[in-house]
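# Observations on the model geometry
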Amino acid sequence: ISRKNTICAVLSHTQESLKYLWEIVRRAYDNMPEIYKPKHTKYNESELAFGDVNSKIFVSLSIRSTAVHNLHISELCLIEANDIRASLASVGPQGNITCESTANGVGNEGYEMYQDAKTGENGFHARFYPWWVQKEYRVPLNGLTIYRSKEEAKLPVDDEQILWRRLTKKSQHSLFEQEFPESDETAF
């Protein structure tokens, strides 16, 4: 919002997530210090534009018919391949693209892009973050003593995180590895 002539876009996989993602953008703008906040010329449910600098940010389910300088794709593995490809095509060679996603099995466009990024075949940099980077994923022990299995002993987590893991694995069943991955191999 502070760069002239810049169009930023966020691609979402569902209408519900689109609203959530827009809320993040809206909240950031509404709460920024007045000294840094540019005057908006358009502010609706999906777009925030700044006429003084000829820039805007918007959210969409598909991005076509516009050039984008900065693109963020949310839940890459859950978006249809054609919508991903069309949106990627909207970003010029000097643009910035970031993607994030929960894994969604093997074979989808997000999986293929991640695998190609790991081998350096597409210009992206693969990054994986296991569930334990979210420090709130823990359950107080309340005096309980945790005895770790061999598998649990290998994890770089504390006992409150182990308890959270056990309870969450029990409730998530086979979805645990996808929703709360511990490696990029098991995530997919």
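The sections below set out a description of the structure shown in this document.

Reading guide: rules and limits
Residues numbered from 1 in each chain as written. Predicted model: local features only at pLDDT ≥ 70, side-chain atom pairs only at ≥ 80, totals over all residues. Heavy atoms only, no water. Helix = DSSP H or I, 4+ residues; strand = E, 2+ residues; numbered from the N terminus. Contact = heavy atoms within 4.5 Å. Areas by Shrake-Rupley, 256 points an atom, 1.4 Å probe, with all protein chains shown as cover. Lys, Arg positive; Asp, Glu negative; His and termini not counted. Charge placed at Lys NZ, Arg CZ, Asp CG, Glu CD. Expected span 1.5 Å × (residues − 1). Buried < 20%, exposed > 50% of the residue type's maximum accessible area, 1.4 Å probe, protein only. Polar contact = N/O pair within 3.5 Å; in protein donor to acceptor, adjacent residues only side chain to side chain. Phe/Tyr/Trp six-rings, centres within 6.5 Å; stacked < 30°, edge-to-face > 60°. Pairing = 2+ DSSP bridges. Core = buried A, V, L, I, M, F, W, Y, C linked by side-chain atoms within 4.5 Å. 1 Å grid on protein atoms, 1.4 Å probe; cavity = no way out; pocket = protein on both sides within 12 Å on 5 of 7 lines; lining within 4 Å. Points joined across faces, edges and corners; volume = space filled by probe spheres on them. Nonpolar A, V, L, I, M, F, W, Y, C, P; charged D, E, K, R; others polar.

Attention now moves to the overall build of the chain. Summing up its helical and strand segments, the chain has seven helices and six strands in all. Written out in order from the N terminus, the α and β elements of the chain read β-α-β-β-β-β-α-β-α-α-α-α-α. The C-alpha extent of the chain, read off along each of the three principal axes, is 60 × 40 × 25 Å. Intrachain contacts of the chain at a sequence separation of at least 6 include 57% that bridge at least 24 residues. Approximately 11700 Å² of the chain is accessible, and the part contributed by carbon and sulfur atoms is 51%. Taken as two groups, the 22 positive and 26 negative side-chain charges of the chain have centres that lie 4 Å from each other.

Right, let's talk about helix H5 (residues 159-172) for a bit. With 14 residues, H5 ought to run about 20 Å at 1.5 Å a step, and its terminal C-alpha atoms sit 20 Å apart, in line with that. Where H5 is concerned, the buried positions are Gln161, Ile162, Leu163, Trp164, Arg165 and Thr168. Looking at the packing, one finds that the buried side of H5 touches helix H4 (150-153) and helix H6 (176-179). The backbone nitrogen of glutamate 160 has a side-chain oxygen 3.1 Å away, supplied by the residue at the start of H5, namely aspartate 158. Histidine 173 sits one or two positions beyond H5 and adopts a positive phi of about 55 degrees.

The next thing to look at is the packing of aromatic side chains. All chains considered together, the criterion is met by eleven aromatic pairs. An angle of 45 degrees between the planes, with centres 5.7 Å apart, marks the rings of tyrosine 29 and phenylalanine 50 as tilted. Highlighted residues: tyrosine 29 in helix H1 (residues 15-30) and phenylalanine 50 in strand E3 (residues 47-50), separated in sequence by 21 residues. With respect to class, tyrosine 29 is no different from phenylalanine 50; both count as buried. With a centroid separation of 4.6 Å and an interplanar angle of 10 degrees, the aromatic rings of tyrosine 137 and tryptophan 164 are classed as stacked. On the criterion of sequence distance, the pair formed by tyrosine 137 in the loop between helix H3 (109-118) and H4 and tryptophan 164 in helix H5 is long-range, its members being 27 residues apart.

On to the sheet that holds E3. As summarised here, the arrangement of the six strands in space is E2-E3-E4-E1-E5-E6, forming an open sheet in which the pairing is mixed. Strands at the two margins of the open sheet, each flanked by one partner only, are strand E2 (42-43) and strand E6 (91-100). Of the strand pairs in this sheet, E2 and E3 are connected by two bridges, and their pairing is antiparallel. Considered in E3, the bridge of tyrosine 43 is made with leucine 48.

In this section: unusual backbone geometry. Trans peptide bonds make up most of the peptide bonds, and negative phi angles are found at most residues other than glycine. Positive phi is not limited to glycine here, since serine 65 has a value of about 65 degrees. Mapped onto the elements, serine 65 comes out in the loop between strand E4 (55-60) and strand E5 (68-74). Despite not being glycine, asparagine 142 shows a phi value in the positive range, around 45 degrees. A relative accessible area of 75% places asparagine 142 in the exposed class.

For asparagine 108, the location among the structural elements is in the loop between E6 and H3. Residue asparagine 108 is classed as buried on the basis of its relative accessible area, which comes to 17%. Within the local environment of asparagine 108, its side chain forms a polar contact with the backbone oxygen of glycine 105, the two atoms lying 3.2 Å apart.

A few words on the nonpolar core. Among the nonpolar cores identified, the biggest contains 14 residues, and Ile63, Val68, Leu71, Ile73 and Ile84 are the most heavily contacted of them. Residues within four places of isoleucine 63 in sequence aside, it is in contact with Ala9, Leu11, Phe58, Val68, Leu71, Ala86, Ser87 and Ser90. Within the second largest apolar cluster, 13 residues are counted, among which are Cys8, Leu18, Met32 and Leu48.

It is worth spelling out the layout of surface pockets at this point. In this structure, the largest pocket occupies an estimated 1000 Å³ of space. Looking at the lining of the largest pocket, the elements with two or more residues in it are E6, H3, H6 and helix H7 (184-187). Residue classes in the lining of the largest pocket are distributed as 20 nonpolar, ten polar and five charged. Its volume calculated, the second largest pocket comes out at about 210 Å³. Forming the boundary of the second largest pocket are 16 residues, of which Ile1, Cys8, Val25, Phe50 and Ile57 lie nearest the centre. If you list the elements that add at least two residues to the lining of the second largest pocket, you get H1, E3 and E4. Here the element with the most residues in the lining of the second largest pocket is H1; it accounts for four residues. Residues that form the lining of the second largest pocket fall into these classes: ten nonpolar, four polar and two charged.

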